[in-house]
Amino acid sequence: IQTSYLHPNGADIEVSANFASVHAVVQVLGYFHEINGEDIAAADSSGTISGGLAVGSGSANYTTLASRVVTVPVNGRVVIMGEASWSNNGTGFLGCRFLEDGSEVDFWWWDAGDSDGWIDQHQNRFYHKTVSAGTRTYALQCYRFGGTSATAYYRNVTVMFFEEDL
C-alpha cells in the first residue's frame, strides 16, 4: 500500500496501492465520519467503576453494574459494550442483560469464576442494534444464580454510535 489517508471531506478513507498483482485483497476495518466534539463526548465511556459491588440473588434482584446516557444525533446503530471482573464465593453463575431506557435488549449467562476470593474472571459482552435519534440510557445489570456471593469490579458500559447510511 502506497498511501492511506482521510478523504478531504472527512467522510471516507481512500487507500491507494502501487503494485502489479493477479489477486489483491483490501479489507476496510472501520468507517470514519466527521463528527463534532459534542457527539464524541455523548458516545464515549466516562470511565470504569473499580470498586466492588455485590450482586443480588435471583432474577428479581438485578443489580445495575454500570450505566451510560447517550444522545444519538440521527438514526443509526449503536454497539453496546459491557464488562466486569468477578470475585465469586460459592458455586453459581450470573444472569446478565443490557437495558435500553429500562427495557431488556439482550440477555446472557456469565461465569463468575471460581470460589477462591480472588478477582479472577473478566467478562465482556458486545451487542448492536438500530436506534433512532434522541437521548437513551443504557445499563449493564446482573443477578446471581446460586452460590453465596459474587462481587463485580472494574465494571463499565461503553456505547458507540454509527450513522445508518454506512
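Residues numbered from 1 in each chain as written. Predicted model: local features only at pLDDT ≥ 70, side-chain atom pairs only at ≥ 80, totals over all residues. Heavy atoms only, no water.

Section: the pairing of strand β6 (residues 93-100)
Here comes step 1: When you tally the buried positions in β6, you get seven out of eight residues, the bulk of the element.
Here comes step 2: Relative to strand β7 (residues 103-111), β6 is paired through eight bridges, and the arrangement is antiparallel. Within β7, the residue paired with R97 across the bridge is F107.
Here comes step 3: Two successive antiparallel strands, β6 and β7, enclose a turn made up of two residues, where D101 displays a positive phi of approximately 50°.
Here comes step 4: Relative to strand β9 (residues 134-145), β6 is paired through eight bridges, and the arrangement is antiparallel. Each bridged residue has a counterpart across the sheet, and for C96 the counterpart in β9 is C142. (Buried < 20%, exposed > 50% of the residue type's maximum accessible area, 1.4 Å probe, protein only. Helix = DSSP H or I, 4+ residues; strand = E, 2+ residues; numbered from the N terminus. Pairing = 2+ DSSP bridges.)

What to know about the packing of aromatic side chains
Here comes step 1: In the structure shown here, the tally under the stated rule is nine aromatic pairs.
Here comes step 2: Centroid distance Y62 to Y143: 5.0 Å. Interplanar angle 85°. Geometry classified as edge-to-face. Within this pair, whereas Y62 is found in the loop between β3 (53-54) and β4 (63-72), its partner Y143 is found in strand β9, the two being separated by 81 residues in sequence.
Here comes step 3: Note on W109 and Y143: the rings are 6.2 Å apart at their centroids and 75° apart in plane angle, and the pair reads as edge-to-face. Residue W109 is located in strand β7, and its partner Y143 is located in strand β9; the two are separated by 34 residues in the primary sequence.
Here comes step 4: Ring-pair connections join several aromatic residues into one group, and the members of that group are Y62, F93, F107, W109, Y143 and F145. (Phe/Tyr/Trp six-rings, centres within 6.5 Å; stacked < 30°, edge-to-face > 60°.)

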